[in-house]
Amino acid sequence: MGNMKMEQVLKSLTFSFFFFLVSSFQLGCGVYSFTGASISPDVKSVSIDLFPSYAALAPPNMPQLFTETLRDKFVSLTNLDLITRNGDIQFKGSIINYRTNPVAIQGNETAAKNRLSVTISVEYTDTTNPEASFEKNFTRFADFDSNRNITDVEQDLIVEINEQIVQDIFNESVVNW
């Protein structure tokens, strides 16, 4: 019976040591969170400029909606301070494409669905790690029934597309998988 207890104690100590070792390794490599973000402890702030629209068909509120969605993502999922300018990490860019196209053409050559596509050009600067900085275009889309008018579904589609693009930007900039 004594040997059995000794084996349990050794297993427990081995597990505790392994857990401590893994925890120490992760803490030494950066700040981790349940969101998957891996942000250096040197990064304390983020600045996100307004993303103006250069897309002729984009609604007038698109710059504000997109920028606020991106800001909300960083405020809610990181411990970074959102500041007006010169953050340790910085985002700027613009809305460069906003269009609808027919998709899912049927036998009678009419579209069963239309697609709203949005492209955002992003310049990401990491002042603490310049090698991580990038310039990249992010495109996402959402489909809607062709019997619906774009003005009836546009705001919901914009919210959906903005969330997708913002998640892509977040992943590209701070998740680092």
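These numbers come from a predicted model, not from an experiment.

Thresholds, definitions, all that
Residues numbered from 1 in each chain as written. Predicted model: local features only at pLDDT ≥ 70, side-chain atom pairs only at ≥ 80, totals over all residues. Heavy atoms only, no water. Helix = DSSP H or I, 4+ residues; strand = E, 2+ residues; numbered from the N terminus. Buried < 20%, exposed > 50% of the residue type's maximum accessible area, 1.4 Å probe, protein only. Contact = heavy atoms within 4.5 Å. Areas by Shrake-Rupley, 256 points an atom, 1.4 Å probe, with all protein chains shown as cover. pLDDT = per-residue confidence, 0-100. Expected span 1.5 Å × (residues − 1). Arc of directions from axis to C-beta.

## Here's the deal with the overall build of the protein
Inference 1: A count of helical and extended segments in the protein gives three helices and seven strands.
Inference 2: For the protein, the residues scored as buried account for 33% of the 177 residues in total.
Inference 3: When contacts within the protein are restricted to residue pairs at least 6 apart in sequence, those whose partners lie at least 24 apart make up 65%.
Inference 4: Accessible area of the protein: about 11,200 Å², with a carbon and sulfur share of 55%.

## A look at the confidence of the model for the protein
Inference 1: Considering every residue of the protein, the mean pLDDT works out to 84; 76% of them sit at 70 or more.
Inference 2: Segment residues 15–34 is flagged for pLDDT under 50; beyond a separation of four residues in sequence, or across chains, it makes eleven contacts in the model.

## Regarding helix α2 (residues 62–77)
Inference 1: Relative to the 22 Å expected for 16 residues at 1.5 Å per residue, α2 spans 23 Å between its end C-alpha atoms, a close match to the ideal helical length.
Inference 2: Here α2 has its buried residues at M62, P63, F66, T67, T69, L70, K73 and F74. Relative to the axis of α2, the buried residues are bounded by an arc of 155° and lie together on one face.

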